[in-house]
Amino acid sequence: MMKFLQNLGKSIMLPVAVLPVAAILVGIANWIIGINDNETNVVTSFLQTAGLAILDNMALLFAVGVSIGMAKKSDGTSALAGLVSWLVVTSLLAPSSVMTLLSRGYTSEPATDVTKFTDGQHLVTENGQLMVQTPDVNAAFAIGSFQNAFIGILCGIIGALCYNRFKDVQLPDALSFFSGRRSVAIVTAGVSLIVALILLFIWPLLYTGLVWFGEHIVGLGAVGTGLYGFFNRLLIPFGLHHALNSVFWFDVAGINDLNNFLSGDGTFGVTGQYMTGFFPIMMFGLPGAALAMYVTAKTTRKKIAYGILLSGAVSSFFVGVTEPLEFAFMFLAPFLFVIHAVFMGISMAVAQLLPVRMGFGFSGGFVDLVLNWTNPMAENPWIIIVMGIFWFFVYFFVFRWVILRFQLKTPGREDDDPIDESEDAGSSTGFVGTAGKFIDALGGRSNITELDNCATRLRMEIADPSIIDEAALKRAGAAGTIKPGGKSVQVIYGLNVQFVKDAMEKIMSGEVDPAAVAAAEQAIDEADAAISQAERADEAPGTVLTKPTGKVVTLERPVKGYAIALSEVPDQTFASGMMGPGAAILPTSGEVVAPADATVVTVFPTGHAIGLRLDDGTEVLIHVGLDTVKMKGDGFAPAVASGDTVTAGQLLLTVDLAKIEAAGYSTVTPVVIMNDKTATLELT
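So, how was this worked out
- Residues numbered from 1 in each chain as written.
- Predicted model: local features only at pLDDT ≥ 70, side-chain atom pairs only at ≥ 80, totals over all residues.
- Heavy atoms only, no water.
- Helix = DSSP H or I, 4+ residues; strand = E, 2+ residues; numbered from the N terminus.
- Buried < 20%, exposed > 50% of the residue type's maximum accessible area, 1.4 Å probe, protein only.
- Contact = heavy atoms within 4.5 Å.
- Patch = residues over 30% accessible without salt bridge, like charges linked within 9 Å, V, L, I, M, F, W, Y side chains within 5 Å.
- Areas by Shrake-Rupley, 256 points an atom, 1.4 Å probe, with all protein chains shown as cover.
- Salt bridge = Lys/Arg side-chain N within 4 Å of Asp/Glu carboxyl O.
- Pairing = 2+ DSSP bridges.
- Phe/Tyr/Trp six-rings, centres within 6.5 Å; stacked < 30°, edge-to-face > 60°.
- Lys NZ or Arg CZ within 6 Å of the ring centre and 35° of its normal.
- Axes fitted to C-alpha atoms, helices over the stretch in contact; angles between N-to-C directions.
- Parallel < 35°, antiparallel > 145°, perpendicular 65-115°, else oblique.
- Left-handed = near helix turned anticlockwise from the far one by under 90°.
- Nonpolar A, V, L, I, M, F, W, Y, C, P; charged D, E, K, R; others polar.
- pLDDT = per-residue confidence, 0-100.
- Expected span 1.5 Å × (residues − 1).
- Core = buried A, V, L, I, M, F, W, Y, C linked by side-chain atoms within 4.5 Å.

## Description of the overall build of the chain
No. 1: A count of helices and strands for the chain gives 23 helices and 19 strands.
No. 2: Expressed as a percentage of its 684 residues, the buried residues of the chain come to 50%.
No. 3: Of the contacts made within the chain by residues no fewer than 6 positions apart, 72% connect residues no fewer than 24 positions apart.

## Let's talk about a nonpolar patch on the surface
No. 1: A surface patch of nonpolar side chains, about 860 Å² in accessible area, is lined by Leu101, Leu193, Ile194, Leu197, Ile198, Phe201, Ile202, Leu205 and Leu206.
No. 2: Residue placement: Leu206 occurs in helix H8 (residues 182-219).
No. 3: Given the relative accessible area of 34%, Leu206 is considered partly exposed.

## Quick look at the environment of Phe178
No. 1: Its place among the elements puts Phe178 in the loop between helix H7 (149-166) and H8.
No. 2: Ignoring anything within four residues of it in the chain, the contact list for Phe178 reads Leu171, Ser183 and Ile186.

## Quick look at the side chain of Lys501
No. 1: As for its placement among the helices and strands, Lys501 is situated in helix H20 (residues 497-508).
No. 2: Those residues within four positions of Lys501 in sequence are excluded, and the remaining contacts are Leu451, Asp452, Asn453 and Leu458.

## Notes on the sheet that holds strand S9 (residues 561-565)
No. 1: Pairing in this open sheet of seven strands is antiparallel, and the strands run S9-S10-S18-S14-S13-S12-S16 from one edge to the other. In this open sheet, the two edge strands, each paired with only one partner strand, are S9 and strand S16 (645-646).

## A few points about the packing of aromatic side chains
No. 1: The full count for this structure, using the stated rule, is 27 aromatic pairs.
No. 2: For the pair Tyr228 and Phe278, a centre-to-centre distance of 6.1 Å together with 85° between the ring planes defines the contact as edge-to-face. Note that Tyr228 is positioned in helix H9 (residues 222-234) and Phe278 in helix H12 (residues 278-295), a separation of 50 residues in sequence.
No. 3: Aromatic side chains Trp249 and Phe278 sit 6.1 Å apart centroid to centroid with 80° between the ring planes, which places their arrangement in the edge-to-face category. Placement of the pair is Trp249 in helix H10 (residues 241-249) and Phe278 in helix H12, with a sequence separation of 29 residues. Summarising the burial analysis for this pair, Trp249 and Phe278 share the class buried.
No. 4: Each residue in the set Tyr228, Phe248, Trp249, Tyr274, Phe278, Phe279 and Phe360 is aromatic and connected to the rest through ring pairs, giving one cluster.
No. 5: Positioned above the aromatic ring of Phe166, the side-chain terminus of Arg165 is 5.0 Å from the ring centre.
No. 6: The cationic tip of Lys302 hangs over the ring face of Tyr294; the distance from NZ or CZ to the ring centre is 4.7 Å.

## A word on the pairing of strand S19 (residues 680-683)
No. 1: What you see with S19 is a clean split: Leu681 and Leu683 sit on the buried side and Thr680 and Glu682 on the side with no burial.
No. 2: As judged from the four bridges shared by strand S8 (residues 552-555) and S19, these two strands associate in the parallel manner. Bridge pairing in S19 links Val553 to Leu681.

## Structural notes on the pattern of salt bridges
No. 1: Summed over the entire model, instances satisfying the criterion amount to seven salt bridges.
No. 2: The residue Asp168 makes a salt bridge to Lys167 at a minimum N-O spacing of 3.0 Å.
No. 3: Given a relative accessible area of 56%, Asp168 falls into the exposed group.
No. 4: The class of Lys167 is buried, set by a relative accessible area of 16%.

## Remarks on the packing of helix H5 (residues 77-92) against H7
No. 1: Packing of H5 against H7 brings their axes to within 8 Å, and their N-to-C directions diverge by 130°. In this view, H5 runs oblique relative to H7, as classed from their interaxial angle. Between H5 and H7 lies a crossing of right-handed hand. Packed against H5, whose contacting residues are Thr77, Ser78, Ala81, Gly82, Ser85, Trp86, Val89 and Thr90, the element H7 presents Ile151, Gly152, Cys155, Ile158, Gly159 and Tyr163 at the interface.
No. 2: Of the residues assigned to the contact of H5 with H7, the class counts are seven nonpolar, seven polar and no charged.

## What about the confidence of the model for the chain?
No. 1: With 84% of its residues at a pLDDT of at least 70, the chain reaches an overall mean of 81.
No. 2: When mean pLDDT is compared element by element in the chain, helix H17 (residues 382-406) scores highest at 96, while helix H21 (residues 514-536) scores lowest at 56.
No. 3: Taken as a whole, residues 416-429 scores under 50 in pLDDT and shows 22 contacts with residues more than four places along the chain or in a different chain.
No. 4: This model gives residues 538-548 a pLDDT under 50, and the stretch forms twelve contacts once residues within four places in sequence are excluded.

## Topic: H17
Note on helix geometry: an α-helix contains 3.6 residues per turn, so any two residues three or four positions apart are oriented the same way.
No. 1: Counted at 1.5 Å a residue, the expected span for H17 with its 25 residues is 36 Å, and the 36 Å between its end C-alpha atoms agrees.
No. 2: Within H17, the full set of buried residues consists of Ile383, Ile384, Met387, Gly388, Trp391, Val394, Tyr395, Phe396, Phe399, Val402 and Ile403.
No. 3: Where H17 terminates, the next one or two residues include Gln407, which has phi positive at roughly 50°.

## Side note on the pairing of strand S7 (residues 488-492)
No. 1: Judged by how many residues are buried, S7 sits mostly within the fold: five of five residues are covered.
No. 2: What you see with S7 is no split at all: Ser488, Gln490 and Ile492 on one side and Val489 and Val491 on the other are buried throughout.
No. 3: Alignment of strand S5 (residues 457-462) against S7, held across five bridges, turns out to be antiparallel. Pairing of Glu461 across the sheet is with Ser488, part of S7.
No. 4: A loop of two residues connects strand S6 (residues 480-485) with S7, the two strands running antiparallel in sequence, and Gly486 in this loop sits at a positive phi of about 65°.

## Some remarks on the sheet that holds S7
No. 1: One open sheet accounts for four strands, arranged S4-S5-S7-S6; its pairing is antiparallel. At either margin of the open sheet sits one strand with a lone partner, and together these are strand S4 (448-453) and S6. Across the sheet, the mean angle separating the axes of adjacent strands is 20° when strand polarity is ignored.
No. 2: When S6 meets S7, the two strands line up antiparallel, connected through four bridges. The partner of Gly480 across the bridge, within S7, is Ile492.
No. 3: The sheet strands contacting H20 are S4 and S5, and the helix crosses S4 at an angle near 150°.

## Description of the nonpolar core
No. 1: Grouped together as the largest cluster of nonpolar side chains are 71 residues, with contacts concentrated most on Tyr228, Phe248, Trp249, Phe278, Leu336, Tyr395 and Phe399.
No. 2: Of the residues forming this core, the biggest block, eleven residues, is contributed by H12.
No. 3: Non-local contacts of Tyr395, meaning those with residues more than four positions away in its chain, are made with Ile281, Gly285, Leu286, Gly288, Ala289, Ala292, His340, Phe343, Met344 and Arg400.
No. 4: With 31 residues, the next largest nonpolar core counts Ala583, Ala596, Val603 and Met631 among its residues.

## Here we look at the environment of Thr90
No. 1: Mapping Thr90 onto the fold places it in helix H5.
No. 2: When neighbours within four sequence positions are excluded, Thr90 is seen to be in contact with Phe146, Gln147 and Ile151.

## What to know about the environment of Phe399
No. 1: Tracing the backbone shows Phe399 in helix H17.
No. 2: Sequence spacing of Phe399 and Leu336 is 63 residues, and the spatial spacing of their C-alpha atoms is 7.1 Å.

## A closer look at the packing of H12 against helix H15 (residues 334-353)
No. 1: Two elements in contact, H12 and H15, have axes separated by 8 Å at closest approach and are oriented at 135°. With respect to each other, H12 and H15 are oriented oblique. Every pair of crossing elements has a handedness; the one defined by H12 and H15 is right-handed. Contact residues: Phe278, Pro280, Ile281 and Leu286 in H12; His340, Phe343, Met344, Ser347 and Met348 in H15.
No. 2: Taken together, the residues that form the contact of H12 with H15 break down as seven nonpolar, two polar and no charged.

Here's what the structure looks like:
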């Protein structure tokens, strides 16, 4: 259950990530209106309409986004399933459908000058008098009441579950056209039909309960807002704070604080009360905590702590992404995190009591504050700055006192031996290098059974969590590691986590060799260091500095075709030289031969690449095509195996070039020297 809720929280972030676009559009429109004496024009109408198009359809975005996020390796079919579920459920719960299913009619009342019409109502004439007809259904089925985030999330879950269960189903030959992914939308429609019928009786109860929950919190005033802020932080370790946020920010329980603020349709002085208190803590409080942890770090560890804390503080201040900083001390000093949660609750409560209101499209950072400064719902936003300065000093002095008083092991104060800064801190291995270190620290490729990510963390299923090396993960750049339970493991990295996850997938699929990339980048680092050292020397004017060069390796072309420079290869991994120096060939033949006498070191399982060791020890990689690992061996027929000795011109591999092109991949074949980054490759 915990894993399901964590995946749901992660999936909700996908549609939420669209909100900054709406915030920017509506924010710019409000800014223009503000400097134009509150007059609208064509530009503001254009921008507001575009922004509101997103906000008004958030429930639909939840249905599609959640179905993608919760699906296992979705290819887009799950998104279609989520959309199908949304259309079926909302159509069956529409007032006209409910009236037919429950044999209900309309209620009528005389129309007056002050009558406000809502969707679903009709104006008719009865006995010469104008009457307003309203569908005689429960308020839960009124237009807008059932087309909310709750129903959207439910439809997304239905779409994802149907995709996971039926994407590989095989039907009898007579129905084979509907096998596999084609069956998902059909099954989803059937399941949604049943769910809609259940909701016909259950939804009024759920709707009433959700409204009661929201009204109960609202009824508690500042105390309720404070409790929300407190639990919002406490749920972060479990990734469940997104689910809690949806109750207050979206139209799940009738509050819809976020959408009402961005659209300007809320109540001035009220709308924004469940967002305002985040700004002072995210922009000022947490950076103050980061400073406290830095000044209390051990002298030998300040440099390491500086990198972790500065990046987390910048992320929190500018965009309101707090997890990298929070996870830096959450498990090292849980008591501090509880204090942080209490401070967040107090900030939320105080912000509600003060005449200040502000909202955001993504989170409570500087960017959202600037964009929404002129929003019609914004009230005295300057007070946020005053509150923020106060919270900066509160966080700094409280965190500093607690850390020193109780000798808490915050970043830079750990008991283990200082890390050799030359080991990892100075490495330029990038995302591929980080990914390789993460995989090793997690117990190897075979120990990672599922891999995914959310906004700032890797979310994985690990076969044996006990063998994870958390210290190695931290040295590789992780801000923290979470083990929620079972085999679930989360590694906190930061805003660039998507790139690390992509690199991990490439390594685990065999597409990229992290050792080769690390060796290539180490050679580049060594060359850069040599240049820096030479620049520091008092050299004569006019001296031209170049990176050191090594031997020239001359090989026959392993495949007939046109030779091109490696920098012209349309793949950054090869073109940048990360894999090593070399050249590339535009092949005209499907026969790949040995470029010299050599020993076959490796033949990739998919057959798309072969590694050779020449007689002088030079290691050469022949990589046929780009991204051809995704063909999973289709079109490749290796003629040798690892350990074989080959002579120049001997057939290594037969490849179907037409099949590669038909699959949409490039046939460009890089030839790379793997173990001598200063060498130069010449093809004859």
